[in-house]
Amino acid sequence: INSKLYLMLFFFSNTLRFSILTLVFLFMGMEFAAAQDVKSLLQELENLQNDSLIRLKAQEILEKQDLNGNEDIIGKAYYYLASSFDEKNNYKAIEFYKKANELLKNDSVLEDSFFRQSRIHTIFSEFPEAMKMALKSLEYNKLNNNLSKVQRDMSYIGYINDRMYEFKASIDWNRKSL
């Protein structure tokens, strides 16, 4: 009797192990498929031109799953969401740009994110904040050796100084940009 019991326990435990391993692999496969799905959505988002479609696709990415550990995907979704509101609802654009900047550490979209925030703050006549964002944009573009964006940023810093009636600084920055 004891040998039959041991034999039953042995087969039961192996069956249980197999079932647990099957479930683990199943969940890992689902997680991998979800990650691939989000990446394909992000690629679609990057190619869209219509603001309404950009908003829908970005929201779909943000609602897709928890996205733990995928700060770059979440950050890019917020960036594209912000750019879709750019020039239409500047308050929302600023809100989403800030969220994107918190999540993106060194991504190519940062070269425009800081600049666009600076431009919006200039529209609102929030010149100290505009200057801060323009200087961040300049710093980022200098670090990444993006010379055309460095010139753009220097020229824009000159423009902000002009709006603040600091004409000497404005002329100096515009000369540096040449």
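Residues numbered from 1 in each chain as written. Predicted model: local features only at pLDDT ≥ 70, side-chain atom pairs only at ≥ 80, totals over all residues. Heavy atoms only, no water.

**A look at the overall build of the protein**
For the record, the criterion: Starting at the N terminus, helices and strands are each numbered in turn, a helix being any DSSP run of H or I of at least four residues and a strand any DSSP run of E of at least two. Any two residues whose heavy atoms approach within 4.5 Å at even a single point are treated as in contact. Computed by Shrake-Rupley with a 1.4 Å probe, the accessible areas treat only the displayed protein chains as cover when residues are assessed.
Scanning the protein for helices and strands turns up eight helices and zero strands. When the elements of the protein are put in sequence order from the N terminus, they spell out α-α-α-α-α-α-α-α. Considering only contacts within the protein whose residues lie at least 6 apart along the sequence, 49% involve residues at least 24 apart. By element, 58% of the accessible surface of the protein is carried by carbon and sulfur atoms, the whole surface being about 11,400 Å².

**Examining the packing of helix H4 (residues 90-103) against helix H5 (residues 110-123)**
For clarity, the cut-off: Only the contacting stretch of a helix is used when fitting its axis, a line to C-alpha atoms as for every element, and angles between N-to-C directions run 0 to 180 degrees. Handedness of a crossing follows from how the near helix is turned relative to the far one, being left-handed for an anticlockwise turn of less than a right angle and right-handed for a clockwise one. In this classification, Asp, Glu, Lys and Arg are treated as charged, Ala, Val, Leu, Ile, Met, Phe, Trp, Tyr, Cys and Pro as nonpolar, and every other residue, Gly included, as polar.
Contact geometry for H4 and H5: axes closest at 10 Å, N-to-C directions at 145°. Crossing of H4 against H5: the hand is left-handed. Only Leu110, Ser113, Phe114, Arg116, Gln117, Ile120, His121 and Ile123 of H5 make contact with H4, whose side of the interface consists of Asn90, Ala93, Ile94, Tyr97, Lys98 and Asn101. Residues of the contact of H4 with H5, tallied by class, amount to seven nonpolar, five polar and two charged.

**Some points on the environment of Ser170**
Note on placement: Ser170 falls in helix H8 (residues 167-177). Apart from residues lying up to four places away in sequence, Ser170 is in contact with Gly158, Asn161 and Asp162.

**Quick word on the packing of H5 against helix H6 (residues 127-143)**
The following threshold applies: Working rule for angles: under 35 degrees goes down as roughly parallel, over 145 as roughly antiparallel, 65 to 115 as roughly perpendicular, anything else as oblique.
Their axes nearest at 8 Å, the elements H5 and H6 cross at an angle of 160°. As the angle between them shows, H5 and H6 are arranged roughly antiparallel. As H5 packs across H6, the resulting crossing turns out to be left-handed. Within the contact between the two elements, H5 uses Leu110, Glu111, Phe114, Phe115, Gln117, Ser118, His121 and Thr122 and H6 uses Phe127, Glu129, Ala130, Met133, Ala134, Lys136, Ser137, Tyr140 and Asn141. Its residues assigned to classes, the contact of H5 with H6 shows eight nonpolar, six polar and three charged.

**Brief notes about H8**
Note: α-helices contain 3.6 residues per turn, so residues at a spacing of three or four share the same orientation. Selection criterion: Note on exposure labels: buried denotes an accessible area under 20% of the residue type's maximum, exposed denotes more than 50%, and partly exposed covers the range between, all computed with a 1.4 Å probe on protein chains only. Our arc is simply the arc of the directions from the helix axis toward the C-beta atoms.
Turning to H8, its buried residues are Ser170, Trp173 and Ser177. Along the axis of H8, the buried residues cluster in a sector spanning 70°; they form a single face. Of the exposed residues in H8, those oriented more than 90 degrees away from the buried face are Lys168 and Arg175. Where the residues of H8 are buried, they touch H6 and helix H7 (147-163).

**Considerations on the packing of aromatic side chains**
Here is the rule: Each Phe, Tyr or Trp ring, with Trp reduced to its six-membered ring, pairs with another whose centre is within 6.5 Å; inter-plane angles below 30 degrees give stacked pairs, above 60 give edge-to-face pairs, and intermediate values give tilted ones. Any Lys NZ or Arg CZ that is within 6 Å of a ring centre and within 35 degrees of that ring's normal is treated as a charge sitting over the ring.
Applying the stated criterion across every chain yields a total of eight aromatic pairs. Between the aromatic rings of Tyr156 and Tyr159, the centroid separation amounts to 5.6 Å while the plane-to-plane angle is 35°, which identifies the pairing as tilted. Taken together, the positions of Tyr156 and Tyr159, both in helix H7 and three residues apart, correspond to about one turn of that helix. Residue Tyr156 is classed as buried on the basis of its relative accessible area, which comes to 13%. With 6.0 Å between their ring centres and 75° between their planes, Tyr165 and Phe167 make a pair best called edge-to-face. Given a relative accessible area of 44%, Phe167 falls into the partly exposed group. Through pairs of rings, three or more aromatic residues link up here, namely Tyr78, Phe85 and Phe96. The aromatic ring of Phe115 is capped on one face by Arg152, whose charged end is 3.9 Å from the ring centroid. One Lys or Arg, Lys176, reaches over the ring of Trp173 and ends 4.2 Å from the middle of that ring.

**Here we look at the pattern of salt bridges**
When the charged atoms of two side chains lie near each other, side chains of opposite charge can form a pair. Note the threshold: Salt bridge, as used here, is a side-chain nitrogen of Lys or Arg placed within 4 Å of a carboxyl oxygen of Asp or Glu.
Per the counting criterion, the structure on display carries 11 salt bridges. Connected through salt bridges with shared partners, the residues Asp112, Lys149, Arg152 and Asp153 form a single ionic network.

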